[in-house]
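Notes for the structure review
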Amino acid sequence: MEIGLIGLGRMGYNLALNMRDKGHRVVAFNRTASKTEHLAAEGGVTGVYSLAELVTALTPPRTVWIMVPAGQAVDEMLEQLTPLLSAGDIVIDGGNSFYKDTLRRAEQLQAKGLHFVDVGTSGGIEGARHGACTMVGAEPEVFARLEPLLRDISVPGGYLHCGPVGSGHFVKMVHNGIEYGMLQAIGEGFEILEKSPFGLNLKEVARVWNHGSVVRGWLMELLEKALAQDPHLDQIRGVMHSSGEGLWTAQTALEWKVPAPVITESVIMRYRSEQEDSFTGKVVAALRNQFGGHAVDRTNQ
């Protein structure tokens, strides 16, 4: 199918290549023209340099996928984009937006005759490039139009029509809240290992735990990789930046009176990490850098 893609950051750029490789026609726009030029140079993707050019290049009814940071950037993009679209067009928000913001935006676009779809996208940069896990909130008939694309860009069995608009971002929010807790537990465990009197090879511990143990998985693979590059994570500070989803999950749990102490405490620990360095923080920062390309604060070593 034909799709317009707005936002060529780490995720958007790789998503464009994923779509291209699956035979979809991608028309891409980024506010920084150099990224558009770089993507177009890879071949198979049409680069454009304005929203008007992007909309003109697509055949109605259009599908436009927005991949920009959550919050004000999404609202600003929709404000610029929607006047250029026609009734029946689909706008997808593939970022980590708060589900209540998604519900508000869907209502605004519906009043203009536009369909709004939320796609929570997991799997990091590697997933965006070679097969993501996608959680979709959409009207059934709109989902049916998009399903071939979603099937193609996701790993086998890795996409779900969660329900109506807002449900995709809600499921992704809780996913990320769980992720916060998992990362925190791994970080704490490896800090205990690091402080032991046994001179443990932490990389090898991560390796063996990923072969048959209960805690095996992708995060353990990534930790083994990070420790192979920097055995004691001396080159990074244990600052664990918070991107918002863990906080939203904790706030929602409080609002609905659901006990969620692990997720809530993991959010608090991220704030604490900005005040004091710790090996736990180093592990979580290293893992976030490995799977999502998130920036880390480097030491002066």
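Everything that follows concerns the structure shown earlier in this document.
What comes next is a walk through the structure. (Residues numbered from 1 in each chain as written. Predicted model: local features only at pLDDT ≥ 70, side-chain atom pairs only at ≥ 80, totals over all residues. Heavy atoms only, no water.)

So, the overall build of the protein
Stated precisely, the cut-off is as follows: Each helix is a run of H or I in the DSSP string that is no shorter than four residues. Each strand is a run of E no shorter than two, and both are numbered from the N terminus. The quantity called the radius of gyration is restricted to C-alpha atoms. Its globule counterpart is 2.2 Å times the number of residues to the power 0.38. The buried label goes to any residue with under 20% of its type's maximum accessible area, the exposed label to any with over 50%, and the partly exposed label to all in between, with areas taken from a 1.4 Å probe on protein chains only. In this analysis, two residues are considered to be in contact whenever any of their non-hydrogen atoms come within 4.5 Å of each other. His is not counted, nor are the chain ends, whereas Lys and Arg count as positive and Asp and Glu as negative. Charged side chains are reduced to one point each, which is NZ for Lys, CZ for Arg, CG for Asp and CD for Glu.
Counting secondary structure elements, the protein contains 13 helices and eight strands. A compact globule built from 301 residues would reach a C-alpha radius of gyration of about 19 Å, and the protein, at 20 Å, matches this within 12%. When its C-alpha atoms are laid out on the principal axes, the protein stretches across 65 × 50 × 35 Å. Looking at the protein as a whole, 49% of its 301 residues qualify as buried. Of the contacts formed within the protein by residues at least 6 apart in sequence, a portion of 70% connects residues at least 24 apart. Across the protein, the centroid of the 27 positively charged side chains sits 2 Å from that of the 34 negatively charged ones.

Details of helix α1 (residues 10-21)
Where we set the bar: The span one expects for a helix is its residue count, reduced by one, times 1.5 Å.
Along its 12 residues, α1 runs 17 Å from first to last C-alpha, staying within 8% of the 16 Å computed at 1.5 Å per residue. Trailing α1 by a residue or two, glycine 23 shows a phi angle of about 90°, which is positive.

A look at the nonpolar core
Operational definition: By nonpolar core we mean a set of buried residues, namely Ala, Val, Leu, Ile, Met, Phe, Trp, Tyr and Cys, connected to one another through side-chain atoms within 4.5 Å.
In terms of nonpolar packing, the biggest core is built from 26 residues, with Met19, Val26, Leu39, Trp65 and Val117 touching the most fellow members. Residue assignment for this core shows that the elements contributing at least two residues are β1 (2-6), α1, β2 (25-29), β5 (90-93), β6 (115-122) and α7 (140-153). The biggest single contributor to this core is α7, with six residues. With residues up to four places along the chain from it excluded, the contact list for methionine 19 reads Ile3, His24, Val26, Trp65, Leu149 and Ile153. Ranked by size, the runner-up nonpolar core spans 24 residues in total, among them Leu202, Leu233, Met240 and Phe291.

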